[in-house]
Amino acid sequence: MNDIARSLKPEECFISEEPYYEATGSEIDIFLAAYKQKIPVLLKGPTGCGKTRFMEHMAWRLKKALITVSCHDDLTASDLVGRFLISGGETKWIDGPLARSVRHGAICYLDEIVEARKDTTVVIHPLADDRRVLPMEKVGEVLEATDDFCLAISYNPGYQSVLKDLKQSTRQRFVALEFDYPSVELETRIIETEAGIEHSLAERLVKFAHMTRNLKGSGLEEGASTRLLVHAAKLISAGITPVDACHTSIAQALTDDAEMLTAINELSSSLF
Amino acid sequence: MSLPPFTFDEIEEYFDELFVEVDESLIQHLTQFDIQTQDTLLELIKKAASTNSGLAYQLAKRMQKAIELMEIDTIEIWLDQAIDVFDSKGLYGAIEVLDELESIAHNAKQKLTGISFEEVSNMLEHFVVGLNGRRLKIETDKKTYTDTETIFLPGIVNRYTEKDDNFQLYKCMVVHLWAQNWFGTWRSNLVNVFAQYENPTRAQQWFHVLEMIRLDHKIKHELPGIHRQMQRLCELGGHSKICDIIINGKGQNNLEKLITLQSRADDLLKLLPQVYHLPTPGLNFYAGCLQADQVELRREIRLIKEKDLFRRAIAHVLEEKKNKPASDFTDEERHEISAQQIPDPSMPEGFKYRLEMDGESIEPPDGIESLISSIIQDLGEIPDDYLVAAGDGNYKIIADKEKIDDANVWAGTYHEEGAFLHREWDYRRQRYKKNWCALREVELSPGSTTFVNESIEKYSGLIKNLRRSFEILRGEDKMLKKQPYGDDIDIDALVESFADMASGMEMSENIFTKMHKEERNIAVIFMVDMSGSTKGWINDAERESLVLLSEALETLGDRYAIYGFTGNTRKRCEVYPVKTFDDEYDDKTKGRIGNIKPQDYTRLGVFIRHFNQMFEAVEAKTKILITLSDGKPEDYDGYRGEYGIEDTRMALLESRQQGVHPFCITIDKDGRDYLKTMYGSASYVVIDDVRQLPLKVADIYRNITS
């Protein structure tokens, strides 16, 4: 493990190996069709159900660079479009991730878009309709997207509050794909493949996930996601006991409430 | 140096002052203790006397024995339990608790190794929700059983010497009783089945034994971790294996072979006649008992209710598909929805249902999945007669929860049903009275908008003024200069730093501008006193204030709600929603403001607690609770004077602890001297003219929100 981490420009980040993804419906076909027709895509669904993995998979399929921006409440329009920086006594324009994607024909994926400030989300509007342009006011240019460019955004309707909702004018520009936790069989298969554990163990983990999902709304904000299950399974395959793995990677990740933690731990120790 | 203990005469005088009659032997007994112990014990009797003198008398009667059996802390717990029961059931019930003196003392000793229901109830409640199926409540009872909606557990478990083992036993009880519900123990009417036997109790006992074996198989398969615990606990407790019992003298027919993982409760009922004559073996500790009659009571009501709900739910689906009211459906149309079984290994039957119409699956409305699951738990399937759409699709699954007509509710004895129950602080006891006040939301019909319009006209100048002072609060976007990181370059700062650099100084990095956006995230609840004492100008002033504040808040765009409150004794506290957070400030709301009328009394504490609770569900950075009242907490049943003041004070303190900013506007000619004590942690203002309000409120609003 003595390799030094490689440093790459975002537009050079191509995914060379196929990211593992199990389709739950026709989402791959729909995405491909939308891409062909140059319609942007909105991914909805709870955390850890495979939205980002799906994007990686699609980037691999389309052989395009994937530029991901994790949105936060301080994200400004210039964080997306670009800004002037000072270099050697003069100013120099630096493209933001969105402008880079447009310029190089990459896939731009804005994760958790509702977290961004409302004035920021408006920037993507001209890109998300049939104009497909990115106005860059500061440099006085308009960047026209090529056929390769693709815009995708994601959000989690579960955390939606009055303050953090997607504006109609934004959401009505997208084709929406709904994601949810996969069916029992599929989820079992995903965990088996991702972590390389036995089928019966994977089944028990999925069962445990369903127990925590039953608790959603009665003390838990969210049940265990597929991602958490994969974490637990990976720990198990590295030699940790299932009960400990569930405790550290699932129960502790879900809540800090002492009573709820005990309850979840008791559920996992009942199963294994 | 400590003081000398109280003498006989001093103690006697103390009791005389309390008007409590006591035996001389108790006084004699008390003289033995040091002054601290005497003081504590006498305080306890005083506490009882402040609740009821009869209770104090009964306590004093038992005090000598209590001192022998219990530590002082336990005596206090014992008394507190009695007081709680006194609040709900009166003196007779409280005396019953006092009489349990010995068992309470015994339990207190047991608690050292045992585990009490209170310690684990919350956790077990989460635990049982995590398991599948109908939501089960957890409560305590003398017997351990389930009525298919609640699991009843003992108040204390003290079978093993290790605390953890006792906890595990609680858990095993819960799982066994949950399994009865989930794996279909109660599918048939067992009361009728057992009645066919000569000795129904014996039949029931035997059936329970067989069921326990079957459920153990199921649990072993589904929850192996729990099954291991069950076995370990049995071994610890020295239980023999029941499965070895031989039927008909044939060795190979032992119960282990006859009952398998695939067995159903029906199969066991067929087996019952073969074992009925044999002596019943003991059940494992965790199995509790069967209460078939209790189950039947619940099941009967539930079957009718859920069938009705289900039929209405599908009628509602059909209404939407066909776009016409359910009353117009033909017989054929009513049968158009079918339920298809689809395999699902996680269900006990191995399948679940999908609703279909014309061969296509339909999206089930909210709440129907749990309804289907509950029906399957009772019946094992969805019978055909459930799949007939009901006559009208008035499908309101939540509203249907035994909605009671608000107006009639006080007539019956069930006045607490469906009401919010809140606690109340009793300063004399220095503790809360649990579930003391019953509060209900009552609709306020909108009147005419005349009052509001007149007020707007009357105070038009003031409103303009007020709007302006509130607008300042709105917080404009600010351009921040000389930032290390930002949207644009700050040319002034850049030139400056170049000049610095040219003169040989270090160049500053703060050369960007950044737009700072002030995002307001505030929720305000106004609670308006509608008590009789506000009659006259105070009521008018309240309403006018509301108009002014609403007008101002509309400019600001903050979320706000208005509720009126009034009450008559602790059993009848009423809240009138004038404007909820979701309502617009429209004519209806204006009409309701106009319709705020003085009614009964002011029990302030309960309302403050109610809104505290309401705030818990509101997501906002700043939460403000503004009380508009005449500042006189007063109600029947002793809610006045110091009691009312202290309760209000406590409720406001709770607001603070919860992160709500309480703010009290008292409308009166002059402020009373107790206001400072009562409002304690809250800010308050006394006004006698509405014109003063805007300035003061804007000021305080600014203090709180920015």
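Located above this text is the structure these notes cover.
Residues numbered from 1 in each chain as written. Chains lettered and ligands numbered in written order. Predicted model: local features only at pLDDT ≥ 70, side-chain atom pairs only at ≥ 80, totals over all residues.

J.: Before we go on, may I ask you to explain the nonpolar core in this structure?
T.: Grouped burial of nonpolar side chains is what soluble globular proteins tend to show. Membership of the largest hydrophobic core comes to 83 residues, with the highest contact counts inside it found for Ile191, Leu229, Ala232 and Ala233 of chain A together with Val128, Tyr170 and Val174 of chain B. Looking at this core, the element that brings in the most residues is helix α8 (residues 163-182) of chain B, giving 11 residues. When near neighbours in sequence (up to four residues on either side) are disregarded, isoleucine 191 of chain A contacts Ile197, Ala202, Leu205, Val206, Leu229, Val230 and Ala233 of chain A. Membership of the second largest hydrophobic core comes to 63 residues, among which are Val452, Val578, Leu604 and Met678 of chain B. (Core = buried A, V, L, I, M, F, W, Y, C linked by C-beta atoms within 7 Å. Buried ≥ 20, exposed ≤ 12 C-beta atoms within 10 Å, placed from the backbone. Helix = DSSP H or I, 4+ residues; strand = E, 2+ residues; numbered from the N terminus. Contact = placed C-beta atoms within 7 Å.)

J.: So what exactly am I meant to see when it comes to the pairing of strand β18 (residues 660-667) of chain B here?
T.: All names here are of chain B. The buried fraction of β18 amounts to eight of the eight residues, a majority that puts the element mostly inside the structure. Neither face of β18 is left uncovered, since the one carrying Val660, Pro662, Cys664 and Thr666 and the one carrying His661, Phe663, Ile665 and Ile667 both have all their residues buried. With helix α23 (residues 641-657) bridging strand β17 (residues 622-629) and its parallel neighbour β18, the resulting β-α-β unit is right-handed. Looking at chain direction, β18 and strand β19 (residues 683-687) are connected through five bridges and run parallel. (Right-handed = clockwise from strand over helix to strand, strands pointing away. Pairing = 2+ DSSP bridges.)

J.: Can you walk me through the interface of chain A and chain B in this structure?
T.: One frequent convention defines the size of an interface as the accessible area lost when the parts assemble. If you look at the interface, chain A gives 28 residues, while chain B gives 21 residues. The set of elements that each furnish at least two residues to the side of chain A that touches chain B consists of β3 (82-87), α9 (199-214) and α12 (258-271) of chain A. Examining the composition of the side of chain A that touches chain B, we find that nine residues originate from one element, α12 of chain A, more than from any other. When the residues that make up the side of chain A that touches chain B are grouped by side-chain class, the tally is 11 nonpolar, 12 polar and five charged. (Nonpolar A, V, L, I, M, F, W, Y, C, P; charged D, E, K, R; others polar.)

J.: Looking at this model, I keep getting lost on the sheet that holds strand β11 (residues 478-483) of chain B. Mind explaining?
T.: Through backbone hydrogen bonds, the strands of a sheet pair up, either in parallel or in antiparallel fashion. Residues and elements named next belong to chain B. Taken together, the three strands give an open sheet; going across it, the order is β11-β13-β12, and neighbouring strands pair in antiparallel fashion. Where the open sheet ends on each side, the last strands, each with one partner, are β11 and β12 (488-489). In this structure, β11 lies alongside strand β13 (residues 512-516), joined through four bridges in antiparallel fashion. Looking at the pairing, leucine 480 lines up with lysine 514 of β13.

J.: Please explain the environment of aspartate 490 of chain B as it appears in this structure.
T.: Residues and elements named next belong to chain B. Position of aspartate 490 relative to the elements: it lies in the loop between β12 and α19 (491-502). Aspartate 490 gets classed as buried once you count the C-beta atoms within 10 Å, which come to 20. Sequence-wise, aspartate 490 and asparagine 510 are 20 residues apart; in three dimensions their C-alpha atoms are separated by 8.5 Å.

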